[in-house]
Each structure stands twice: as C-alpha cells, then as structure tokens.
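Tertiary structure, described
One letter stands for each residue in the lines below.
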Amino acid sequence: MALIKYSLATTKTLLHRSSSSVTTITHGLKWAHLNFRTYSVLMSPPSKAVVYEQHGSPDSVTRVIELPPVEVKAKDVCVKMLASPINPSDINRIEGVYPVRPPVPAVGGYEGVGEVYSVGSEVEHLLPGDWVIPSPPSSGMWQTYVVKEHSVWHKVDKASPMEYAATVTVNPLTALRMLEDFVTLNPGDSVVQNGATSIVGQCIIQLARFQGIHNINIIRDRAGSVEVKEKLKELGADQVFTESELNVKNVKSLLDTLPEPCLGFNCVGGNSASLVMKFLRQGGTMVTYGGMSKKPITVSTSAFIFKDISLRGFWLQKWLGSDKAQECRNMIDYLLCLVREGKLKYEMELVPFDNFGIALDKALGKLGSQPKQVITF
C-alpha cells in the first residue's frame, strides 16, 4: 500500500491550514510549543493501463502507458485487477460507435475481476484480499489498479474461477435475461438462435437445458463445422444446423419431434436473422441483441400479417440502468454458482497483459475465429 504522509511542518501552506499554536520557528523548521496534526493520504500504486485519446480503430489508437498513483478517498476502494475480457462492445466504445462511452482520453475495458488492495476509511463491507467485480459494469478495467467508489464493487466468491468472474456479466447475464424477459417459457418449449458459438449462444444452450427448454442452433458455414456441432451438443444443444443446411423450402421439416420455437435470438442480422424467423411459430418473437454481420434485418410482409411475428431488441446496458443493481448482483451470484457446480461453461483464452496487442488482434478477427480473449494482470 502506498501511504503518503504530509507533516504540517513541511510547508507554510500546511502550517496555515493546521490548528497549531506556533510560538517560535527558527532556521531548519525547528520550533517550540507547536501543536500539530498529521494528515495521511492513501494512494494507489502506479498503474499500467490501455488508454486511447481519440476514437478510431483499436489497433491504431490504443497504447499501454504508466499512470500515476490515484488518491483513495474515504469511500473508495483500490482494486488490483486480476482479469478482464475484450468484448465487442469494448471495441465499439474505442471506435466511437457505441451509444454509451466514456469521454476521451479513456482507459479501455468494461468488466473484470480484481482483488481489493486497499480501502478508504469509511468502507466497512470490503476488506483487502476480497474478490470484487464492477456491478453494474464500469469503464476503465484494462489497467493494473482501479480506484472507484465502494458502491461500484460487488464481492464474489473466491472459489469462482477467475476467468468466469471476469466475464460473468456482459454475456451470461444477457443470455439469462433474454430467456426470461420476453416470452413465458415452459418445459418442453423450444427456442432458436443464430450465433450459437458465441458466449451468449453457449449460455443460452445450457440455461435453456436446465429449464427443460429445447434449443435449435444456427452456425455459419466454416471448416470444422462437424466438430463445432459436437461441442454444442455436448453443452446441451438439441439441434445444430449450418446456414447452408437451411436452404430448404420448409425449415420446420427439419425439427423432427421438436415443437416450433416460440422465441428466437438474433445477434448476426442479414440472412441469418431471416433463418431464425423461418423457424418461429405463429405469434413467435425474435429478439435481436447484436449485429455481427453488419447487415440489416429484412422481414417479409407475410411474416407480419400471416404469422404475426414480433421483433424486439435487448440491450443489457439499458436493463442495468433501470435501478436493478441488486437484482443484477443476485443473478451474477446465481450464474457463478452454476459455474462452480460445473453446470455453466464456455470457451476462453487467457492472455498475459504484456501480450495485449496479440489478444486485441485476435478479438478484432485478424487471426480467424478465436475464443473470447481474457487479459490477465
């Protein structure tokens, strides 16, 4: 802990701020009959951080620098970061295209897990050594030490795997909320989704299975698609199709004995979103939470008139901003409990902070399809 003490005898300014009664001050700052206070200022250690001073392509505008110590005020907590992921929304914030973003210059990163390093004098519920995550998520997680007010931090069970504690909010929580917020699902019902290999997609498969809900999954055509299908089925997928396998007149003929889905999830857009809608039953709902293809969603007139399809959107940031902090934290604890019990898992790659540039290139898709990149500090 960096603890800097300033004696009131060091400068005239500090002397004037004290309640001292000075009778004699001589050369060399010797005095007689001086009553004084000593003020202590708690500081964080210096921090290494990924910063950007303007918006643009992350591989061009980000750089790793040393930041000076920051004062840890009475209600603050200094956290030594352990791990933080690179999410698509992190990239969009740096690009300047995400609706909510911090002003520049800024430190990247939005979620992660760290260990409490020191606490301010008025903090009672957290102690050095505790593991905490920002809940709701908060900007500036891509640095070795983060100082924020105690209300930002939520204590998590240290028995949780570090990489899951670092990534539990943005993706798993999105999956959980979408399964619960739009349609009342009962055991035996079905859902359909594209982007099934994403972390949200993997979580939807597993969370749906726990609830006795069937799931139909669409993946893009790729080398190794057979192996991908097997991995998703090991997680609990009922059916997995590549997009080309759905070039049939009636996709519902592929469902075998599964009921037509009442709820669909789209994170891709374009033709992939159309395939999700083709599976939906009369009166079904498709929820869009991403647009990875950057192509628009096209809906036929007949889908609205004759199938009465509903199109909805989900944005976790908006949900978290609606006074649901405690509910959010309860759900995070539930999801991490599933992780500890081996009931929820997804693929990630841990990368040392010194190799941030490589992890960023992978997250940007420069090196082909890669697992979620999680920076370790």
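Sequence order sets the numbering: in each chain, residues are counted from 1 along the sequence as written. Totals for whole chains, interfaces and linings use every residue, but because this is a predicted model, local features are given only for residues with pLDDT of at least 70 and side-chain atom pairs only at 80 or more, for both listing and counting. No hydrogens and no water enter the side-chain calculation; it runs on all heavy atoms of the structure.

Quick look at the overall build of the protein chain
- Strands are runs of DSSP state E lasting at least two residues, helices are runs of H or I lasting at least four, and both sets are numbered from the N terminus onward. What the protein chain contains, in helices and strands, is 12 helices and 20 strands.
- Any residue under 20% of the maximum accessible area for its type is buried, any over 50% is exposed, and the rest in between are partly exposed; the area is computed with a 1.4 Å probe on protein chains only. Out of the 377 residues in the protein chain, the part that is buried amounts to 49%.
- In this description, contact between two residues means that some pair of their heavy atoms is separated by no more than 4.5 Å. A fraction of 70% describes how many contacts in the protein chain between residues 6 or more apart in sequence connect residues 24 or more apart.
- Working note: accessible area of the protein chain is about 18100 Å², and carbon and sulfur atoms make up 52% of it. For accessible areas, the Shrake-Rupley method is used with a probe of radius 1.4 Å. Any residue's cover is judged against the shown protein chains and nothing else.

Examining the environment of Pro259
- Relative to the assigned elements, Pro259 resides in the loop between β15 (239–242) and β16 (263–266).
- Each C-alpha atom of the pair Pro259 and Ser190 lies 6.2 Å from the other, and the pair is 69 residues apart in sequence.
- Excluding its chain neighbours within four sequence positions, the residues that come into contact with Pro259 are Gly188, Asp189, Ser190 and His214.

Topic: the sheet that holds strand β8 (residues 106–107)
- Read from one edge to the other, the open sheet built from 3 strands follows the order β6-β5-β8, with strand pairing classed as antiparallel. Of all strands in the sheet, those bounded by a partner on one side alone are β6 (62–67) and β8.
- Two strands pair if DSSP finds at least two bridges between them. Where strand β5 (residues 47–52) lies against β6, 6 bridges are found, and the strand directions are antiparallel. From the neighbouring strand, Lys48 faces β6, where its bridge partner is Glu66.

Regarding the pairing of strand β10 (residues 131–134)
- Going residue by residue along β10, you find Trp131 and Ile133 tucked away on one face and Val132 and Pro134 tucked away on the opposite face as well.
- Here strand β9 (residues 113–119) pairs with β10 via 2 bridges, running antiparallel. Residue pairing across strands places Gly114 opposite Val132, the latter belonging to β10.
- Relative to strand β12 (residues 153–156), β10 is paired through 4 bridges, and the arrangement is antiparallel.

Some details on the sheet that holds strand β14 (residues 214–219)
- What the 6 strands build is an open sheet, ordered β15-β14-β13-β16-β17-β18; its pairing is parallel. Each end of this open sheet is capped by a strand with a single partner; those strands are β15 and β18 (310–313). Between one strand axis and the next, the sheet turns by 20° as a mean value, whatever way the strands run.
- Examined bridge by bridge, strand β13 (residues 190–193) and β14 share 4 bridges and lie parallel to one another. Each residue of the ladder has a partner; that of Gln193, found in β14, is Asn217. Geometry is summarised by axes, namely lines fitted to C-alpha atoms with helices restricted to the contacting stretch, and by angles between N-to-C directions that run from 0 to 180 degrees.

Some details on the pattern of salt bridges
- The rule for a salt bridge is simple: a side-chain nitrogen of Lys or Arg has to be within 4 Å of a carboxyl oxygen of Asp or Glu. Summed over the entire model, instances satisfying the criterion amount to 12 salt bridges.
- A salt bridge links Glu260 to Lys252; its shortest N-O distance comes to 3.2 Å.
- Its relative accessible area of 35% is what places Glu260 among the partly exposed residues.
- According to the relative accessible area criterion, Lys252 is partly exposed, its value standing at 22%.
- Here the salt bridges do not stand alone but share partners, grouping Asp59, Asp361 and Lys366 into one network.

Here's the deal with the packing of helix α5 (residues 172–181) against helix α6 (residues 199–210)
- Look at α5 against α6: their axes get within 8 Å of each other, and the N-to-C directions meet at 50°. One way to sum up the angle between α5 and α6 is to call them oblique. Here α5 runs over α6; the crossing is right-handed. Contacts from Pro172, Thr174, Ala175, Leu176, Met178 and Leu179 in α5 reach Ile199, Val200, Cys203, Ile204, Leu207 and Ala208 in α6.
- Charged means Asp, Glu, Lys or Arg here, nonpolar means Ala, Val, Leu, Ile, Met, Phe, Trp, Tyr, Cys or Pro, and polar covers whatever is left, Gly included. Among the residues making up the contact of α5 with α6, the classes are represented as 11 nonpolar, 1 polar and no charged. When an angle is under 35 degrees it counts as roughly parallel; over 145 it counts as roughly antiparallel; between 65 and 115 it counts as roughly perpendicular; any other value is oblique. By definition, any crossing whose near helix is turned counterclockwise from its far helix by less than a right angle is left-handed, and any crossing with a clockwise turn is right-handed.

Some remarks on the confidence of the model for the protein chain
- The predicted model of the protein chain averages 90 in pLDDT, with 89% of residues at 70 or higher.
- Scored from 0 to 100, pLDDT reflects the predictor's confidence in each residue. Every residue in residues 1–36 is under pLDDT 50, and counting partners more than four places away or in other chains gives 52 contacts.

What to know about the side chain of Ser160
- Looking at the element boundaries, Ser160 is found in the loop between β12 and α4 (162–167).
- Assessed through its relative accessible area of 2%, Ser160 is described here as buried.
- Side-chain polar atoms of Ser160 contact the backbone oxygen of Asp157, separated by 3.0 Å.
- Filtering out sequence-adjacent residues up to four positions away, Ser160 remains in contact with Trp131, Leu336 and Arg340. A 3.5 Å cut-off defines polar contacts: any pair of N or O atoms within that distance qualifies, except that in protein one atom must be a possible hydrogen donor and the other a possible acceptor, and neighbouring residues in sequence count only when both atoms are side-chain atoms.

Quick word on the pairing of β9
- Where strand β7 (residues 76–85) meets β9, 6 bridges bridge the pair, whose relative direction is antiparallel. The residue bridging Met81 from the neighbouring strand is Gly114, located in β9.

Quick notes on helix α7 (residues 225–235)
- Within the sequence span of α7, burial applies to Ser225, Val228, Lys229, Leu232 and Leu235. The buried residues of α7 all sit within an arc of 115° when viewed along its axis, so they share a single face. The exposed set on the far side of α7, more than 90 degrees from its buried face, consists of Val226, Glu227, Lys231 and Glu234.
- Buried residues belonging to α7 abut α6, β14 and β15.
- One or two positions beyond α7, positive phi appears at Gly236, with a value near 125°. The arc in question is the one traced by the directions running from the helix axis out to the C-beta atoms.

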